[in-house]
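# Structural characterization, general
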Amino acid sequence: MSGINERRERERAHRHQLIVTAARELAETEGWEAVTTRRLAERVEYSQPVLYSHFNGKEAIVSAVAIDGFGELAAHLRRARLAVSEPGQALRAVCRAYLDFATERPALYQAMFVLPTDLRFATPETPPPLRAGFDEFVSCFDPDDERRELIAEVTWSALHGMAVLSDSGRIPPEGQDARLDFLVTQFTAPAAGRRRDERRGGASLDGLSA
C-alpha cells in the first residue's frame, strides 16, 4: 500500500512541476496575461479540475513559479559571489548578477517581485529559496556588523528599483553600469570617507566588508 501511495505522490509532484514549467514558458513567450487555467490545461493535457487540484488559482501558480525563480536566483548569486577572487569584489559581482538575472528573465522576475502572490517575505514562514537569495547579499558584508541584514535589504531594494525602472523605460537602460557603480561605492567607500560623512551628521557604515 505504501508503494502505491509513494507512486501517487511522485505522479502528483510530476504534474505539479509540469504545470509550473508550462506556466513559466507561456509567460516567457506571451506574457502573464496569456497564462490562464484553460491555456495551461491545453498545454499539459490535463483537465482544468486537475489543475485546480494542484493550484486554487492563478496567484498560486505565480507563487509556485516565483519559488522556482528564487531558487535559480540564489544559485546565480552564489556562483557570482564565489567566482571573484577578491572579497572586496563580492558585492559588485552579486549586484551585477542580480541585474543580469532580472534583464534576462523578465517574466520570471515579474512573478517573483511584481505580480500578486501569496508568498511571505521576512517571516518564519518565508520559503527557504527566498531566504537563500537574500543571504547571498548578507554574505557580502562583515559578519560582525549588526546591521548587515538592514544594509542588504537597502541594497536589494535599490537594485529592484533599478531593474524595474530600467525595464519600463522610466530610466535609461544604458545608465545601469553607472548606477551600479554608485550604489556599490556607497558601501565600499574608504573608512576615512565614511568618517567625514559621520562628522556631517551621516550614519556610520563602519564594519562593512566590500
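Look a little higher up for the structure.
First, a word on what this report is: a plain description of the structure on this page. (Residues numbered from 1 in each chain as written. Predicted model: local features only at pLDDT ≥ 70, side-chain atom pairs only at ≥ 80, totals over all residues. Heavy atoms only, no water.)

## A closer look at helix H2 (residues 37-44)
The criterion, for reference: Residue exposure (1.4 Å probe, protein chains only): buried if accessible area is under 20% of the type maximum, exposed if over 50%, otherwise partly exposed. Here a helix means four or more residues in a row that DSSP labels H or I, a strand means two or more in a row labelled E, and each is numbered from the N terminus. To obtain the arc, one takes the directions from the helix axis to the C-beta atoms.
Every buried residue of H2 is accounted for by Thr-37, Leu-40, Ala-41 and Val-44. Mapping the buried residues of H2 onto a view down its axis gives an arc of 100°, with all of them on the same face.

## Description of helix H5 (residues 90-104)
Note the following rule: Every helix has an expected span of 1.5 Å times one less than the residues it contains. Two residues form a contact once any of their heavy atoms are found within 4.5 Å.
The terminal C-alpha atoms of H5 lie 21 Å apart, and with 15 residues this matches the ideal 21 Å at 1.5 Å per residue to within 8%. Residues of H5 that are buried include every one of Ala-90, Leu-91, Ala-93, Val-94, Cys-95, Ala-97, Tyr-98, Leu-99, Phe-101 and Ala-102, and no others. Check the buried side of H5 and you find it contacts helix H4 (58-83), helix H6 (106-113), helix H7 (128-138), helix H8 (148-167) and helix H9 (176-188).

## Some thoughts on the layout of surface pockets
Filter applied, for reference: Computed over the protein atoms alone on a 1 Å grid, cavities are sets of points where a 1.4 Å probe fits but cannot get out and pockets are open sets with protein on both sides within 12 Å along at least five of seven lines; a residue lines them when it has an atom within 4 Å of a point. Grid points are joined across faces, edges and corners, and a volume is the space filled by probe spheres set on the points. Ten residue types, Ala, Val, Leu, Ile, Met, Phe, Trp, Tyr, Cys and Pro, are classed as nonpolar, four, Asp, Glu, Lys and Arg, as charged, and the remainder, Gly among them, as polar.
The space that makes up the largest pocket amounts to roughly 350 Å³. As for the largest pocket, its lining consists of 13 residues, of which Phe-121, Ala-122, Phe-134, Glu-153 and Trp-156 are closest to the centre. Only H7 and H8 provide two or more residues apiece to the lining of the largest pocket. In the lining of the largest pocket, the residues fall into 6 nonpolar, 4 polar and 3 charged. Considering only enclosed or pocket space, the second largest pocket measures out at about 300 Å³ in volume. For the second largest pocket, the lining is made up of 16 residues, of which Ala-102, Ala-163, Val-164, Ser-166 and Asp-167 are closest to its centre. Listed by contribution, the elements that provide at least two residues to the lining of the second largest pocket are H5, H6 and H8. Across the lining of the second largest pocket, the residue classes tally to 8 nonpolar, 5 polar and 3 charged.

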